[in-house]
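Okay, here's what each chain looks like letter by letter:
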Amino acid sequence: MDLIVARPEGLYCAAGDFYIDPWRPVGHAVITHAHSDHARVGHGHYLAHTDSEGTLRTRLGEITLQTLAYGETQERNGVKISLHPAGHVLGSAQVRVEHRGEVWVASGDYKTEADGTCAPFEPVPCDTFITESTFGLPIYRWPTQQALFAEINAWWQRNADDGRASVLFCYAFGKAQRILHGVDAGIGPIVVHGAVEPLNAVYRAAGVALPSTLRVTDPGVTPAMLKRALVLAPPSAQGTPWMRRFGNYSDAFASGWMQLRGTRRRRGVDRGFVMSDHADWPGLQSAIAGTGAGRIMVTHGSVAVLVRWLNEKGLQAEGFKTEYGDEDVADQAAPEPAAPAVDESGPA
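Residues numbered from 1 in each chain as written. Predicted model: local features only at pLDDT ≥ 70, side-chain atom pairs only at ≥ 80, totals over all residues. Heavy atoms only, no water.

The secondary structure content of the protein chain amounts to 8 helices and 18 strands. Relative to the globule expectation of 20 Å for 348 residues, the C-alpha radius of gyration of the protein chain, 21 Å, shows essentially globular dimensions. Across its three principal axes, the protein chain shows a C-alpha extent of roughly 70 × 45 × 30 Å. The buried share among the 348 residues of the protein chain stands at 54%. (Helix = DSSP H or I, 4+ residues; strand = E, 2+ residues; numbered from the N terminus. Rg over C-alpha atoms; globule rule 2.2 N^0.38 Å. Buried < 20%, exposed > 50% of the residue type's maximum accessible area, 1.4 Å probe, protein only.)

So this is what it looks like as structure tokens:
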């Protein structure tokens, strides 16, 4: 029998009697990271990386949570469990499972380029590797961190020079903190939506360097400041009354989907920045090769394409049906107080 199998509740290790990122309530859950398609309420006991504690408790409330450092091992019913860096978001982990000399690794979500906001991805040798394939098509190739932030900074600077706020829509957990860590904070003030700031606090508590951020309701925030500001907000803030505070602004969206023609137009924004917390096509290839695994289980995304490519390379690959998504659905905007259009004569 396979060490990890797909059940209606999620990925299950029968020998250890635990699930990995289950989507239905179970007794024992090992969580790879705190995005809502992987970390859900209702489990009896949670096991996750130490740096995930803040985000898990922020998002799930009171839970019974045990944490491990990277590389630390816990044994359950003779099965050894350890967590290893996935490079996706703060606290994200690959789950290494060893039983009777057989090793499986469930990667959760991962990316292979270090971004400075979480421990960088490390390939973990194994017999069987469970990999995502969110961007598992050859078209997906991400710009370097340096190139990405040069584009974002130039856009922000142009808008600031023209007296317009720069509103950048991005997911509140992961992408927002990457942007904060990478932009040139000397260009102007940085304003964040209420869905973003609690997660900023978790990153700062974990030692991640983020510049100072403001809320639009903070004392001293004026229309003049907002005209030079970079504004980070979740996608669902688009078109809400909260946006009226920024008057005439330029907007953009940060996502790996911006690699596709037409996505920016469908989003209805001025600019698109190609930015993802998932591995691109070369990243998937290098990550899989780095494990040395002969058997690959492919989940959520372009499963058929990656499975076919791997089989053509002589590996044993097959799809693994899961209920994981391609983005974090929990990053819907929390309600913010409505505001009238910006009044040029006084504070917003």
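Resuming the write-up.
Taken in spatial order, the 5 strands of this open sheet run 13-14-12-15-16, and their pairing is parallel. In this open sheet, the two strands that pair with only one neighbour each are strand 13 (190-192) and strand 16 (271-274). The sheet shows a mean angle of 25° between the axes of neighbouring strands, direction not considered. Pairing analysis gives 3 bridges linking strand 13 to strand 14 (residues 230-233), with the strands arranged parallel. When the bridges of strand 14 are listed, Val 192 appears paired with Leu 232. Across the sheet, helix 3 (residues 175-182) is in contact with strand 12 (165-169), strand 13, strand 14 and strand 15 (249-255); its angle to strand 14 comes to roughly 160°. (Pairing = 2+ DSSP bridges. Axes fitted to C-alpha atoms, helices over the stretch in contact; angles between N-to-C directions. Contact = heavy atoms within 4.5 Å.)

With that out of the way, let us pick up helix 8 (residues 303-312). All buried positions along helix 8 are accounted for by Leu 306, Val 307 and Leu 310. On an axial view of helix 8, the arc spanned by its buried residues comes to 100°, and they lie on one face. Across helix 8 from its buried face, at more than 90 degrees, point the exposed residues Ala 304 and Glu 312. Where helix 8 is buried, its residues contact strand 11 (128-133), helix 7 (281-291), strand 17 (295-301) and strand 18 (316-319). Just downstream of helix 8 lies Gly 314, where phi reads positive at about 90°. (Arc of directions from axis to C-beta.)

Before going further, it helps to spend a moment on the pattern of salt bridges. Any two side chains of opposite charge can pair, on the condition that their charged atoms come close. All chains considered together, the criterion is met by 11 salt bridges. The shortest N-O distance in the salt bridge between Arg 96 and Glu 98 comes to 2.8 Å. Salt bridges sharing common partners tie together Lys 111, Asp 115, Arg 178 and Asp 277. (Salt bridge = Lys/Arg side-chain N within 4 Å of Asp/Glu carboxyl O.)

Checked against the element boundaries, Pro 123 lands in the loop between strand 10 (102-106) and strand 11. For Pro 123, a relative accessible area of 43% translates into the label partly exposed. Between the C-alpha atom of Pro 123 and that of Ser 286, which follows or precedes it by 163 residues, the distance is 8.9 Å. Every residue in contact with Pro 123, bar those within four places of it in the chain, is listed here: Gly 290 and Thr 291.

Right, let's get into the sheet that holds strand 10. The mixed open sheet is built from 7 strands, whose spatial order is 7-8-9-10-11-17-18. Each edge of the open sheet is held by one strand with a lone partner, namely strand 7 (73-76) and strand 18. Sheet twist, expressed as the average angle between the axes of neighbouring strands with direction ignored, equals 20°. Bridging between strand 7 and strand 8 (residues 79-85) involves 4 bridges; their strand directions are antiparallel. Within strand 8, the position partnered with Gln 74 by the bridge is Ile 81. Helix-sheet contacts for helix 7 involve strand 11 and strand 17, and the interaxial angle to strand 11 is about 170°. Those strands touched by helix 8 are strand 11, strand 17 and strand 18, and its axis lies near 160° from that of strand 17.

A word on the side chain of Asp 21. Along the chain, Asp 21 turns up in the loop between strand 3 (18-20) and strand 4 (28-30). Buried charge Asp 21 goes without a salt bridge, the closest partner of opposite sign being Arg 40 at 8.8 Å. Side-chain polar atoms of Asp 21 contact the side chain of His 38, separated by 2.7 Å. Setting aside anything within four residues of it in sequence, one finds Asp 21 in contact with Val 30, Ile 31, Thr 32, His 38, Gly 108 and Tyr 324. (Lys, Arg positive; Asp, Glu negative; His and termini not counted. Polar contact = N/O pair within 3.5 Å; in protein donor to acceptor, adjacent residues only side chain to side chain.)

This next bit is on the packing of helix 7 against helix 8. Their axes nearest at 12 Å, the elements helix 7 and helix 8 cross at an angle of 50°. Put simply, helix 7 runs oblique to helix 8. You can see that helix 7 and helix 8 cross each other, and the crossing is right-handed. On helix 8, the residues that touch Trp 281, Leu 284, Gln 285 and Ile 288 of helix 7 are Leu 306, Trp 309 and Leu 310. Its residues assigned to classes, the contact of helix 7 with helix 8 shows 6 nonpolar, 1 polar and no charged. (Parallel < 35°, antiparallel > 145°, perpendicular 65-115°, else oblique. Left-handed = near helix turned anticlockwise from the far one by under 90°. Nonpolar A, V, L, I, M, F, W, Y, C, P; charged D, E, K, R; others polar.)

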